[in-house]
Amino acid sequence: MPKDWAGVDLHLDLDTSGGRRAGLERALRAAIGTGRIAPGAPVPSTRALAGHLGLSRGTVTAAYDQLTAEGYLTAIPGSGTRVAEAATRGSPRPPAAEPDEPGAPVHDLLPGRPDLSTFPSSAWLRSTRRVLASAPPGAHALGDPRGRPELREALAGYLGRARGAHADPARIVITSGYAQSLGLLATVLAGAGPVAMEEPGHPFHRAIVRRAGLDIVPLAVDDLGARPGGLDRAGIAVLTPAHQYPAGATLAPDRRRAFTTWARDTGGVLIEDDYDGEFRFDRQPVGALQGTAPDHIVYGGTTSKTLGPALRLAWLVLPAHLVEPFAEAKRLADAHTQSLAQLVLADLIDTHAYDRHVRASRLRYRRRRDLLVETLRARVPHVRVLGIAAGLHALVLLPPDGPGEDEIMRRAASRDLALMPLRDHWQDPAGRPRGFIVGYSTPLGPTYPAALDALCAVLA
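Residues numbered from 1 in each chain as written. Predicted model: local features only at pLDDT ≥ 70, side-chain atom pairs only at ≥ 80, totals over all residues. Heavy atoms only, no water.

Regarding the overall build of the chain
Thinking step 1. Within the chain, the secondary structure is distributed over 13 helices and 16 strands.
Thinking step 2. Projected onto the principal axes, the alpha-carbon positions of the chain cover approximately 85 × 55 × 40 Å.
Thinking step 3. A total of 460 residues make up the chain; the buried ones form 52% of that total.
Thinking step 4. Sequence separation of 24 or more characterises 73% of the internal contacts of the chain that already satisfy a separation of 6 or more.
Thinking step 5. Accessible area of the chain: about 20,600 Å², with a carbon and sulfur share of 54%. (Helix = DSSP H or I, 4+ residues; strand = E, 2+ residues; numbered from the N terminus. Buried < 20%, exposed > 50% of the residue type's maximum accessible area, 1.4 Å probe, protein only. Contact = heavy atoms within 4.5 Å. Areas by Shrake-Rupley, 256 points an atom, 1.4 Å probe, with all protein chains shown as cover.)

Written as structure tokens, this is what we have:
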């Protein structure tokens with residue numbers, strides 16, 4: 001018998017009022033018959049189970065022999081004893097879940113995540129093995145709330161060369177996702193006044209700011225990005241300058257200067273959400289705004305769009321005066337973002353596997369965006385696609401005289417197509433343009449053409 005099988009744990013409700021062996025047999029039949037022990041699963045060795053239950057080994061051996069004769073167990077010489085494949089008498093187990101949650105739509109064009117089927121599993125596994133082989137024992141304990149020094153060092157180099165950020169490792173804090181980054185910032189900056197946020201903008205991010213008790217000042221967005229008007233009423237501004245969400249514009253140079261001048265002159269704090277800055281398709285990505293005023297801008301990044309949102313890995317590069325208060329807020333929130341994933345990400349960056357994955361993803365998403373634009377132009381010419389060639393989503397505007405968002409959502413539901421209406425991104429949607437944010441990165445690779453077919457059908 002393999003040595004590790006002796007350590008298999010098994011909880012049994014043992015009633016020995018009718019005899020120890022009979023009670024053990026009843027308990028095993030119940031555990032197997034209800035599916036609590038799965039077909040094919042190993043059971044403990046007779047020695048281990050006898051010691052655990054306080055029975056003689058002979059009693060356990062006799063019970064195993066009886067259940068083997070009844071077909072509940074199967075004994076394979078040299079391989080131990082397992083639950084027989086056809087032993088479960090109860091309801092069959094449901095099939096293993098697909099990558100998406102139960103009830104997921106057949107066609108998913110919601111924005112917000114990459115193609116999860118392209119997660120770099122092999123590279124992640126190689127990095128994990130290296131990390132586990134070399135990580136010191138302290139890596140498994142709570143440490144600096146700012147995060148592992150290995151990842152902060154790796155990010156400082158990566159953000160400097162890839163995004164043009166001024167990223168001193170001492171000013172980087174690792175967080176459990178951008179939502180936590182923004183929520184903790186709102187708490188730390190609560191006394192700085194209202195928060196200027198883009199209009200339209202991310203409704204979830206607005207909710208996070210409001211939950212912290214801060215008022216929101218809308219910043220109108222056009223083809224040149226967010227307009228600086230309204231900053232005189234705010235002490236904080238949250239921007240997506242590289243690729244505005246959801247309209248898709250890049251912040252124009254004169255507006256970049258206007259925002260940074262406001263921060264320098266007033267002491268206001270700019271929060272740069274660089275959620276998908278690596279994914280520019282038609283030219284070199286625009287550098288981070290933070291690089292122009294690192295003492296006044298908080299830079300936020302995340303792996304949610306490059307690797308996957310479930311990793312819950314994000315980072316902030318903070319002005320020096322905000323590092324300690326933010327690190328303390330992080331410590332009080334959850335003490336520390338889990339270390340293993342931080343170390344693996346650091347290894348991915350140091351070995352350039354992360355860069356290779358981003359480059360491959362950039363090419364893949366460029367092709368997807370091109371196909372989306374070409375398909376809509378050919379088959380649904382009355383809609384308009386906004387935004388630069390970048391990111392993981394496109395804004396599709398509906399004509400003012402055609403079906404509205406409610407009608408399109410009804411059609412989409414009939415075809416099991418998930419779409420994100422634009423209306424939720426306005427603070428006040430009355431009289432605003434109507435449309436949908438199409439996440440062309442979300443469908444798993446082979447399903448993308450069928451999702452576009454469904455989109456064209458509901459927009460036609």
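Let's pick the thread back up.
Topic: helix H8 (residues 253-266)
Thinking step 1. Across its 14 residues, H8 extends 20 Å between first and last C-alpha, which sits within 8% of the 20 Å expected from 1.5 Å per residue.
Thinking step 2. Taken together, the buried positions of H8 are Arg255, Arg256, Phe259, Thr260, Trp262 and Ala263. Buried residues of H8, viewed axially, fall in a sector of 150°; they line one side. The exposed set on the far side of H8, more than 90 degrees from its buried face, consists of Pro253, Arg257 and Asp265.
Thinking step 3. Of the surrounding secondary structure, the elements contacted by the buried residues of H8 are strand E6 (216-222), strand E7 (225-226), strand E8 (236-239), strand E9 (269-273) and strand E10 (297-302).
Thinking step 4. Within two residues after H8, Gly267 carries a phi angle of roughly 80°, on the positive side. (Expected span 1.5 Å × (residues − 1). Arc of directions from axis to C-beta.)

A word on the pattern of salt bridges
Thinking step 1. Inspection of the entire model under this criterion finds 22 salt bridges.
Thinking step 2. A salt bridge links Asp108 to Arg113; the nearest nitrogen and oxygen atoms lie 3.3 Å apart. Each member of the pair Asp108 and Arg113 is classed as buried.
Thinking step 3. In this structure, Asp274 engages Arg163 in a salt bridge whose closest nitrogen and oxygen atoms are separated by 2.7 Å. Highlighted residues: Asp274 in the loop between E9 and E10 and Arg163 in helix H5 (residues 149-163), separated in sequence by 111 residues.
Thinking step 4. Through salt bridges that share partners, Arg21, Glu25 and Arg29 make up one connected network. (Salt bridge = Lys/Arg side-chain N within 4 Å of Asp/Glu carboxyl O.)

Structural notes on the packing of aromatic side chains
Thinking step 1. This model, assessed by the stated rule, comprises four aromatic pairs.
Thinking step 2. Geometrically, the ring pair formed by Tyr158 and Tyr354 is edge-to-face, given 5.3 Å between the ring centres and 80° between the ring planes. In this pair, Tyr158 sits in helix H5 while Tyr354 sits in helix H11 (residues 353-379), placing the two residues 196 residues apart along the sequence.
Thinking step 3. Looking at Tyr158, the relative accessible area reads 3%, which means it is buried.
Thinking step 4. Residue Tyr354 is classed as buried on the basis of its relative accessible area of 2%.
Thinking step 5. Note on Tyr245 and Tyr275: the rings are 6.1 Å apart at their centroids and 90° apart in plane angle, and the pair reads as edge-to-face. Highlighted residues: Tyr245 in the loop between E8 and H8 and Tyr275 in the loop between E9 and E10, separated in sequence by 30 residues. One exposure class covers both Tyr245 and Tyr275, and it is buried.
Thinking step 6. Over the face of the ring belonging to Tyr365 we find Arg364, whose NZ or CZ atom lies 5.6 Å from the ring centre.
Thinking step 7. Here Arg368 stacks its cationic end above the ring of Tyr448, 5.0 Å away from the centre of that ring. (Phe/Tyr/Trp six-rings, centres within 6.5 Å; stacked < 30°, edge-to-face > 60°. Lys NZ or Arg CZ within 6 Å of the ring centre and 35° of its normal.)

Things to note about the pairing of strand E5 (residues 195-199)
Thinking step 1. Across the five residues that make up E5, a large majority, five, are buried.
Thinking step 2. Here E5 runs beside E6; their pairing, made up of five bridges, is parallel. Across the sheet, Met197 pairs through a bridge with Pro218, a residue of E6.
Thinking step 3. Handedness of the crossover joining E5 and E6 through helix H7 (residues 203-211) is recorded here as right-handed.
Thinking step 4. One ladder, built from three bridges, connects E5 with E8; its direction is parallel. When the sheet's bridge partners are listed, Ala196 is paired in E8 with Ala237. (Pairing = 2+ DSSP bridges. Right-handed = clockwise from strand over helix to strand, strands pointing away.)

Some details on the sheet that holds strand E11 (residues 314-317)
As a general point, the strands of a sheet are linked pairwise by backbone hydrogen bonds and lie either parallel or antiparallel.
Thinking step 1. Strands sit in the order E4-E11-E10-E9-E8-E5-E6-E7 across an open sheet of eight strands; the sheet is mixed. Edge strands, defined here as strands with exactly one partner in the open sheet, are strand E4 (172-175) and E7.
Thinking step 2. Each of E4, E9, E10 and E11 touches helix H9 (residues 320-334); the most contacted strand, E4, lies at about 20° to it. (Axes fitted to C-alpha atoms, helices over the stretch in contact; angles between N-to-C directions.)

What to know about the environment of Asp428
Thinking step 1. Turning to its location among the elements, Asp428 is positioned in the loop between strand E15 (420-421) and strand E16 (435-438).
Thinking step 2. The spacing of Asp428 and Pro200 is 228 residues in sequence and 9.4 Å in space, taken between C-alpha atoms.

What to know about the confidence of the model for the chain
Thinking step 1. Mean pLDDT over the chain: 91, with 94% of residues reaching 70 or higher.
Thinking step 2. This stretch, residues 1-6, has a pLDDT under 50; its non-local contacts, to residues over four places away or in other chains, come to 14 contacts. (pLDDT = per-residue confidence, 0-100.)

Digging into the environment of Leu452
Thinking step 1. Within the secondary structure, Leu452 sits in helix H13 (residues 448-459).
Thinking step 2. Of the residues examined, Leu452 reaches a relative accessible area of 4% and is grouped as buried.
Thinking step 3. As a C-alpha pair, Leu452 and Arg257 span 195 residues in sequence and 39 Å in three-dimensional space.
Thinking step 4. In this structure, Leu452 is in contact with Leu371, Leu372 and Thr375, ignoring residues within four places of it in sequence.

A look at the nonpolar core
Thinking step 1. Leu455 and Leu459 are the most contacted members of the largest nonpolar core, which totals 59 residues.
Thinking step 2. When residues of this core are assigned to their parent elements, the largest contribution, eight residues, is made by H13.
Thinking step 3. Contacts of Leu455, omitting those with residues within four sequence positions, involve Leu109, Leu372, Leu376, Leu417, Leu419 and Val438.
Thinking step 4. Counting residues in hydrophobic clusters, the runner-up holds 26 residues, among them Ala237, Leu239, Tyr245 and Leu386. (Core = buried A, V, L, I, M, F, W, Y, C linked by side-chain atoms within 4.5 Å.)

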